[in-house]
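# Commentary on secondary and tertiary structure
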Amino acid sequence: MSEKKIVIVGAGIVGCSLAYFLTKKGQQNITVIEQGPMIESGGSTSHAPGLVFQINFSKVMTKLAEQTVQTFKAISTNDQPAFYSVGSISLANTPERLMELKRKAGVGKSWGIESKLLSPEECRDKFPLIDPDDILGGLYVPSDGAAKPLNALSRMIDYCTSKGVSFHFRTEVTNIRVDSGQVKAVETTCGTFNADMVVCSAGIWGPRIAEMAGVTLPLMPMAHQYTWTEDLTVFQNETEEITAPIIRHEDSALYYRQVFKCLGAGSYQHRSIPVEVNTLEKYEEAAEAPAIKTFTPEDFEKPWQDVLKLMPALNETKIKRGINGIFSFTPDNMPLLGESQKVKGFWVAEALWVTHSAGAAKEVAEWMINGAPELDLKSCDVNRFDTYALNPIYYKKRSIENYDLEYDIIHPLMPPKTGRNMRLTPFYIRQKTLKAFFDEKSGWESAQWYEANSPLVSEYEEKIVKHKGWSAQYWSPIAEAEQIHVGKFAGLFDLTASGKRLEVSGDEVLTFLQKLMTSDMNIKTGQVVHTLMLDHSARIIDEVEVIRKNKTTFLINCTGPVEAGWIKKQGSLFNHVSICDLTSGTCCLLLIGPTAKPVIEKFITFNGREKGFAQNMYIGPAYVTAIPDSYYGKDGWKFYTTLDQGLQLWDTLLKAGEGYRLIAAGSRALKGLRVSSFTPQMGSDFWSDYSPVGAGLPEWVNLQKEDFIGKKMLLDRKKTGSELSITRLEWNNPEFTLMGDEPVSAEGKTVGFVTSAGYSYETDKGVALALIETSSIEEGKSYNTEYFGETVQVSIVTSSVSITRNDRSRGGEKVGKNV
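Everything numeric here is computed off the predicted structure, so don't read it as measured data. (Residues numbered from 1 in each chain as written. Predicted model: local features only at pLDDT ≥ 70, side-chain atom pairs only at ≥ 80, totals over all residues. Heavy atoms only, no water.)

## Notes on the overall build of the protein chain
From N to C terminus, the protein chain includes 19 helices and 40 strands. Taking 28 Å as the expected radius of gyration for a compact globule of 819 residues, we find that the protein chain reaches 27 Å, a close match to that expectation. Counting every position in the protein chain, which comprises 819 residues, the buried fraction comes to 61%. Taking the average location of the 88 positive side-chain charges in the protein chain and that of its 99 negative ones, the two points are 5 Å from each other. (Helix = DSSP H or I, 4+ residues; strand = E, 2+ residues; numbered from the N terminus. Rg over C-alpha atoms; globule rule 2.2 N^0.38 Å. Buried < 20%, exposed > 50% of the residue type's maximum accessible area, 1.4 Å probe, protein only. Lys, Arg positive; Asp, Glu negative; His and termini not counted. Charge placed at Lys NZ, Arg CZ, Asp CG, Glu CD.)

Structure representation (structure tokens):
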């Protein structure tokens with residue numbers, strides 16, 4: 001790595017942080033190119049107010065913010081502070097917001113960030129401008145504060161320059177040279193810079209730079225209002241830039257910070273103001289700066305009235321200055337990080353605010369040098385989108401929607417309004433007839449429940465657990481009725497949106513898969529194996545399903561584009577391996593439940609061999625690959641067929657199940673069945689931060705194999721034992737309908753968090769999967785979790801889990817020779 005030439009495009013806070021961390025890791029041959037001048041280069045960093053609120057409902061975003069705070073504090077000096085640890089207060093004007101803050105406080109405990117709920121008077125005591133009569137309370141986070149990004153830039157540039165990093169300011173990139181899918185050079189107005197790696201950290205200009213390399217970034221620049229008041233009496237004796245906590249007033253879509261003797265205020269309340277990338281100006285063309293548009297005072301009239309209502313003392317002053325500053329949004333509100341699968345050596349660090357800047361740069365630097373970040377960044381991976389999401393029709397509208405919702409109370413089950421109907425399964429027309437309630441998953445319209453099943457609510461009325469308040473939003477008792485019904489009879493589920501389907505073939509395919517997977521891949525034709533892929537640090541890339549079609553051809557079902565990209569990347573190292581993505585041409589139905597077997601028997605003759613084996617057959621007009629499946633705690637089969645025959649498969653199965661009370665059921669019921677059966681799921685209950693040992697999940701690892709990716713590191717980790725265990729929690733009060741991410745505590749200490757939650761109609765108890773510190777697990781010990789600030793006593797039913805998939809094989813003949 002040390003001999004590779006790296007060119008970073010963009011010297012804002014992200015680009016300079018990346019150069020800083022690469023240099024700290026000993027990397028040389030680094031060049032940073034910036035179209036603007038040094039420090040105040042004219043991008044979003046130059047006008048950013050620098051507020052850092054760490055607690056986020058995303059664990060990874062919280063950790064990136066936490067790392068940013070640590071970095072800025074570490075490089076601060078007395079005369080050049082990069083971070084002011086003044087704390088933050090998030091205010092509540094409504095009961096709903098106060099409950100949201102209680103939920104956020106709980107999530108803060110899960111992620112390790114201390115917080116405290118404050119009364120209105122306590123909020124006023126910490127920030128005297130606040131009228132306590134206008135609020136119901138607030139959430140105080142003492143470790144939050146205000147970053148000084150320009151000071152951070154200065155410190156980082158000085159350090160990098162002293163270590164040999166070359167900075168080129170007022171230098172415009174004109175082209176990214178790519179040859180045979182590999183980045184080769186960056187062409188600029190000041191010459192050409194050869195490169196083995198190019199990092200696009202150009203902020204709002206990112207899509208333009210990426211396009212030069214043939215890469216599409218789904219990023220939308222948005223203008224956002226920020227103002228400064230005249231000097232205030234309350235701050236008249238202040239000599240520091242900021243000593244008061246930063247304030248977030250989300251019910252009015254406003255935030256505030258002290259700026260010496262005045263107050264800065266930003267607003268998300270105004271109309272959306274998208275900015276097309278091709279209209280962005282060059283530094284020398286801009287009236288003030290390229291990332292600053294002319295302030296539109298009419299958009300701040302209503303927000304200003306809300307400011308005065310919260311802080312009546314501001315009636316003594318007026319707005320001194322305002323800007324419409326531009327920054328980045330994406331269709332899922334997450335950053336764009338990592339190496340493009342399309343162009344080798346082209347890296348991206350985009351859609352980052354100051355809040356997460358240095359943390360993300362630290363992770364990308366680790367990724368570039370050691371092959372993987374320390375955190376699981378799949379939710380941030382630039383490759384996470386299929387082609388539908390690269391369509392401007394989709395990502396622009398969805399990004400604008402995310403801007404509009406920035407300070408709203410976002411329910412985790414709330415479906416998006418824009419960018420819908422991008423991908424439709426062949427069953428969609430039947431699902432519409434059954435009056436499905438749809439959400440979106442990876443662009444697919446995904447049925448959550450069916451209004452046609454509403455008569456089941458009356459049938460199971462005495463058994464259904466009714467949700468109340470928060471958990472009743474975007475919920476229906478029909479979903480509960482479907483779960484109960486499938487547990488008693490049978491259900492048909494559309495799994496088309498669940499993952500990617502690859503065909504891997506060639507003379508070297510077995511050698512390749514033995515290297516890639518943790519289980520023995522020398523399996524029989526038709527055999528189905530559930531196994532893991534690890535990275536070189538022995539962390540879990542994915543749990544996958546592998547089916548052998550013949551001597552040189554296998555089918556792999558994996559989680560999504562990032563995981564499929566890993567398979568393709570490793571396959572490219574073999575000359576005689578071919579990988580074909582079948583996803584867009586196939587669909588999948590799952591048939592499960594106690595009465596599923598007699599339905600299936602109409603098409604399959606059971607001979608005892610079907611356990612753990614796939615079969616090719618006709619079901620009505622449809623030619624299918626049928627795979628036995630007990631993933632959701634109920635015996636059944638998955639059926640894969642081509643899109644053109646999907647509708648016939650749906651109709652044939654439902655017709656065959658008429659005498660067995662077979663229903664079409666939605667994803668909510670399926671999740672309920674999964675959690676009830678205590679089946680952990682990759683991406684929901686464990687992540688690539690963990691190894692099979694670190695998460696207590698060793699069952700799919702066969703150490704008798706000669707070698708596989710991550711084996712050596714896994715052997716080292718085995719010596720330290722399991723750091724965490726996936727556990728099953730139960731509680732008796734059905735009113736507490738946990739949603740996930742709630743903290744789990746023992747003896748007053750947070751020892752883990754809930755990953756998935758639901759209700760078991762078999763045991764009539766609330767159930768959840770949770771990641772718990774292994775050292776804290778004891779029989780008979782009392783545990784608690786939180787539900788909107790209320791303590792819920794829970795018990796650990798199963799102290800640890802070995803991931804198994806019931807009837808599925810876990811690696812052929814050598815199962816049992818495990819970690």
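So much for the structure itself; the text now carries on.
## Describing the packing of aromatic side chains
On inspection of all chains with the given rule, the structure shows 30 aromatic pairs. For the ring pair Tyr268 and Phe327, a centre distance of 6.5 Å and an interplane angle of 35° mean the geometry is tilted. With Tyr268 in the loop between strand E17 (262-267) and strand E18 (292-293) and Phe327 in strand E19 (residues 319-329), this residue pair connects regions lying 59 residues apart in the sequence. Here Tyr268 matches Phe327 in class, with each residue buried. In this structure an aromatic cluster arises from ring pairing among Tyr226, Trp228, Tyr255, Tyr268, Phe327, Phe329, Trp353, Tyr403 and Tyr407. Just above the ring of Tyr140 sits the side chain of Lys126; from NZ or CZ to the centre is 4.2 Å. (Phe/Tyr/Trp six-rings, centres within 6.5 Å; stacked < 30°, edge-to-face > 60°. Lys NZ or Arg CZ within 6 Å of the ring centre and 35° of its normal.)

## Comments concerning helix H1 (residues 13-24)
Between its first and last C-alpha, H1 extends 16 Å over 12 residues, near the 16 Å set by a 1.5 Å rise per residue. Burial of H1 is extensive: 11 of the 12 residues sit out of reach of the surface. Along H1, the residues that are buried comprise Ile13, Val14, Gly15, Cys16, Ser17, Leu18, Ala19, Tyr20, Phe21, Leu22 and Thr23. One or two positions beyond H1, positive phi appears at Gly26, with a value near 90°. (Expected span 1.5 Å × (residues − 1).)

## A few points about the confidence of the model for the protein chain
Of the residues in the protein chain, 96% have a pLDDT of 70 or more, and the chain-wide mean is 93. Every residue in residues 802-819 scores below 50 in pLDDT, and together they form 65 contacts with partners more than four places removed in sequence or on other chains. (pLDDT = per-residue confidence, 0-100. Contact = heavy atoms within 4.5 Å.)

## Description of the sheet that holds strand E29 (residues 578-581)
Across the sheet, 5 strands lie side by side as E26-E27-E28-E25-E29; this open sheet has antiparallel pairing. Edge strands, defined here as strands with exactly one partner in the open sheet, are strand E26 (528-534) and E29. Put simply, the sheet's adjacent strands are angled 30° from each other on average, direction ignored. Of the strands in this sheet, strand E25 (500-505), E26, strand E27 (540-550), strand E28 (553-558) and E29 touch helix H15 (residues 561-571), which is tilted by about 10° from E25. (Pairing = 2+ DSSP bridges. Axes fitted to C-alpha atoms, helices over the stretch in contact; angles between N-to-C directions.)

## With respect to the state of the cysteines
One pass over the full model with this rule turns up 0 disulfides. With no disulfide of its own, Cys160 lies 7.0 Å from the sulfur of Cys16, the closest cysteine sulfur. A residue is classified by how much of its surface remains accessible, and Cys160, at 0% relative accessible area, is buried. In this structure Cys380 is not part of a disulfide, and its nearest cysteine sulfur, from Cys200, lies 16 Å away. For Cys380, a relative accessible area of 0% puts it in the buried group. (Disulfide = S-S within 2.5 Å.)

## What about the nonpolar core?
Across soluble globular proteins, nonpolar side chains have a tendency to be buried as a group. In terms of nonpolar packing, the biggest core is built from 50 residues, with Ile8, Leu18, Phe72, Leu337 and Met368 touching the most fellow members. Within the residue set of this core, elements represented by two or more residues are strand E1 (6-9), H1, strand E2 (30-33), helix H3 (59-75), helix H6 (149-162), strand E13 (197-200), strand E21 (346-350) and helix H9 (357-370). Per-element tally for this core: the top contributor is H1, with 8 residues. If you look at the next biggest cluster of nonpolar residues, it comprises 38 residues, including Val215, Leu217, Val343 and Ala351. (Core = buried A, V, L, I, M, F, W, Y, C linked by side-chain atoms within 4.5 Å.)

## Digging into the pattern of salt bridges
Counting across every chain of the model gives 44 salt bridges. In this structure, Glu366 and Lys25 form a salt bridge, with 2.6 Å as the shortest nitrogen-oxygen distance. Residue Glu366 is found in helix H9, and its partner Lys25 is found in the loop between H1 and E2; the two are separated by 341 residues along the sequence. Using a relative accessible area of 37% as the deciding quantity, one classes Lys25 as partly exposed. (Salt bridge = Lys/Arg side-chain N within 4 Å of Asp/Glu carboxyl O.)

## Section: the environment of Ile604
Position of Ile604 relative to the elements: it lies in the loop between helix H16 (596-600) and strand E31 (615-619). Its relative accessible area of 4% is what places Ile604 among the buried residues. When the C-alpha positions of Ile604 and Ile619 are compared, they lie 9.0 Å apart, and in sequence the two are 15 residues distant.

## Observations regarding the packing of H1 against H9
Interaxial distance between H1 and H9 falls to 8 Å at its minimum, and their mutual angle equals 45°. Judged by the inter-axis angle, H1 sits oblique to H9. By crossing handedness, the relation of H1 to H9 is classed as right-handed. Residues Ile13, Val14, Ser17, Leu18, Phe21 and Leu22 of H1 lie in contact with H9, whose contacting residues are Ser357, Ala358, Ala361, Lys362, Val364, Ala365, Met368 and Ile369. Its residues assigned to classes, the contact of H1 with H9 shows 11 nonpolar, 2 polar and 1 charged. (Parallel < 35°, antiparallel > 145°, perpendicular 65-115°, else oblique. Left-handed = near helix turned anticlockwise from the far one by under 90°. Nonpolar A, V, L, I, M, F, W, Y, C, P; charged D, E, K, R; others polar.)

## Details of the sheet that holds E13
Strands sit in the order E9-E2-E1-E13-E21-E20 across an open sheet of 6 strands; the sheet is mixed. Across the chains shown, the open sheet's two edge strands, defined by having one partner strand only, are strand E9 (166-168) and strand E20 (336-339). Within this sheet the neighbouring strands show an average axis-to-axis angle of 20°, counted without direction. Judged from the 4 bridges that link them, E1 and E2 form a sheet pairing that is parallel. Residue pairing across strands places Val7 opposite Thr31, the latter belonging to E2. Along the sheet, H9 makes contact with E1, E13, E20 and E21, crossing E20 at roughly 15°.

## Observations regarding the pairing of strand E24 (residues 490-494)
Burial of E24 is extensive: 5 of the 5 residues sit out of reach of the surface. Burial of E24 is two-sided: the residues Ala490, Leu492 and Asp494 facing one way and the residues Gly491 and Phe493 facing the other way are all buried. Where E24 meets strand E34 (residues 662-664), 3 bridges bridge the pair, whose relative direction is parallel. Considered in E34, the bridge of Leu492 is made with Ala664. Across 4 bridges, the pairing between E24 and strand E30 (residues 586-592) is antiparallel. Within E30, the residue paired with Gly491 across the bridge is Ile592.

## Points about the side chain of Asp386
As for its position among the elements, Asp386 is in the loop between H9 and helix H10 (392-404). At a separation of 3.2 Å, a polar atom in the side chain of Asp386 contacts the side chain of Arg423. Setting aside its immediate chain neighbours within four residues, Asp386 contacts Arg423, Lys500 and Pro561. (Polar contact = N/O pair within 3.5 Å; in protein donor to acceptor, adjacent residues only side chain to side chain.)

## Considering the pairing of strand E36 (residues 743-746)
Bridge analysis of E36 against strand E37 (residues 749-760) gives 4 bridges, and the strand direction is antiparallel. Among the inter-strand pairings, Pro743 is bridged to a residue of E37, identified as Phe753. Here E36 hands over to E37 after 2 residues, with Glu747 in that stretch at a positive phi of 55°. Pairing between E36 and strand E39 (residues 783-787): 2 bridges, direction antiparallel. Pairing of Ser745 across the sheet is with Asn784, part of E39.

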